[in-house]
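# Coordinate inspection notes
As a plain string of letters, each chain reads:
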Amino acid sequence: MRIVSLLPAATDIVVELGLGGDLVGRTHECDWPPDVVGPVPVVTSAEFDADALSSREISEAVGGAAHRGSSLYTLDAGLLADLAPDVVLTQDLCQVCAVSYEAVADSVRVLDGDGPRVISLEPRTLPDVLACVRRVGDVLGVPETAARRVAEAYRRLDAVRDRTSGRPRPRVAAIEWLDPLWPAGHWVPEQIRRAGGEPLLVHPGEHTAAMDWAALCDAAPEVIVLMPCGFPPERTFTEADVLTGHPAWADLPAVRDGRVWVLDGPAHFNRPGPRVVRGAEILAYVLHGIEPDEPVTDREARRLLPAAPRTPAGP
């Protein structure tokens, strides 16, 4: 079966099911695992260079009236036709994360013959994410493999919950964008709860919006985890000054106690794929010091060191 994935999380699922060799097309953001996806042709591109823009500039570009979300991404319909996929995996959950379902549907309508089967994945909660693994497994003809992978995922999630049970539950603010400040929603609050924390600002499954600093200050988080959407950890560290330079930053309980962490958002939190399970394990380490079977690396979780103390004002 020839598979085109237009969503990084879908690529993760295909690889998890052992079908990475059947991928014939992917997005420019599908980057895991590199040895599997590297040789696969790229069928999308972005209309702007995110590496050249700040968080604020990216936010303005994404929210601009001229772009309206998914128009930020271009789908090479000609290459898609040449690849002759049997299945195209896409999404209709976030209009600024990937090519939209409508754009994909418009492109495949013009293909010769019956065209590929287009599957749209729209998970909002942790069970939804794992249900997508089952759904893709059914579509791709490997339901037994999918069932085993999902059962193992729940086993690991249950282990995280059991190992953190009975411990104090710190109040956690998960931040998905730095400027403007944006809380992480959808499945992230459930990851936090599984890991023995109490999520703030957002309910499970909620599609979030930008918030002002007063909301974060009023929540008084005991732990802050930074997981900007699409940012590798090194970039988060580079742009962290938009937070640490804010007048209210130093007074947050999490900052005073040195409990601010930078996590690998794209790998374990932003994308609704199987690696969200690892995300819950990483959070258990961050919140309670509990190491999973595979130790947490510095790239997966590293403290954001506090800024230098402010100089008292003179007389």
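Residues numbered from 1 in each chain as written. Predicted model: local features only at pLDDT ≥ 70, side-chain atom pairs only at ≥ 80, totals over all residues. Heavy atoms only, no water.

With that out of the way, let us pick up the sheet that holds strand β6 (residues 117–121). Hydrogen bonding along the main chain pairs the strands of a sheet, whether they run parallel or antiparallel. Pairing is parallel in the open sheet, where four strands are placed in the order β2-β1-β5-β6. Since the sheet does not close on itself, it has two edges, and those belong to β2 (23–25) and β6, each with one partner. Ignoring strand direction, the axes of neighbouring strands in this sheet form an average angle of 35°. Helix α1 (residues 8–16) contacts β1 (3–5), β2, β5 (87–91) and β6 of the sheet and is inclined by roughly 140° relative to β1. Running at roughly 170° to β6, helix α6 (residues 126–139) makes contact with β5 and β6 of the sheet. (Pairing = 2+ DSSP bridges. Helix = DSSP H or I, 4+ residues; strand = E, 2+ residues; numbered from the N terminus. Axes fitted to C-alpha atoms, helices over the stretch in contact; angles between N-to-C directions. Contact = heavy atoms within 4.5 Å.)

Here Thr236 shows up in helix α10 (residues 233–239). Each residue touching Thr236, except ones within four places of it in the same chain, is listed here: Leu178, Leu226, Pro228, Phe231 and Val262.

Further remarks concern the pairing of strand β10 (residues 223–226). Regular strands show a simple pattern: their side chains alternate between the two faces of the sheet. Both faces of β10 are covered, namely the face carrying Val223 and Val225 and the face carrying Ile224 and Leu226. Direction of pairing for strand β7 (residues 171–177) relative to β10: parallel, over a ladder of four bridges. Within β10, the position partnered with Ala174 by the bridge is Val225. In this structure, β10 lies alongside strand β11 (residues 260–263), joined through three bridges in parallel fashion. Among the inter-strand pairings, Ile224 is bridged to a residue of β11, identified as Val260. (Buried < 20%, exposed > 50% of the residue type's maximum accessible area, 1.4 Å probe, protein only.)

Next up on the list: the pattern of salt bridges. One pass over the full model with this rule turns up 16 salt bridges. The salt bridge involving Arg149 is made with Glu16; its shortest N-O contact spans 3.8 Å. With Arg149 in helix α7 (residues 143–164) and Glu16 in helix α1, this pair connects stretches of sequence that are 133 residues apart. Note on Glu16: relative accessible area 27%, which makes it partly exposed. The residue Glu198 makes a salt bridge to Arg169 at a minimum N-O spacing of 3.8 Å. With Glu198 in strand β9 (residues 198–199) and Arg169 in the loop between α7 and β7, this residue pair connects regions lying 29 residues apart in the sequence. Beyond isolated ion pairs, a larger network of salt bridges with shared partners links Arg156, Arg278, Glu281 and Glu300. (Salt bridge = Lys/Arg side-chain N within 4 Å of Asp/Glu carboxyl O.)

This part is about the confidence of the model for the chain. For the chain, the average pLDDT comes to 88, and 86% of its residues sit at 70 or higher. Within the model, the stretch residues 64–70 combines pLDDT values under 50 with ten contacts to residues more than four positions away or in other chains. Below a pLDDT of 50 lies the segment residues 308–315, which in the model reaches three contacts outside its immediate sequence neighbourhood of four places, other chains included. (pLDDT = per-residue confidence, 0-100.)

Here β11 shows a buried face lined by Val260 and Val262 and a second buried face lined by Trp261 and Leu263. With three bridges connecting them, β11 and strand β12 (residues 301–303) associate as antiparallel partners. Within β12, the residue paired with Val262 across the bridge is Arg302.

What follows covers α1. Counted residue by residue, α1 has eight buried out of nine residues, so it is predominantly covered. Three or more residues of α1 are buried, namely Pro8, Ala9, Ala10, Thr11, Asp12, Ile13, Val14 and Val15. Directly after α1, the chain includes Gly18, whose backbone phi takes a positive value near 80°.

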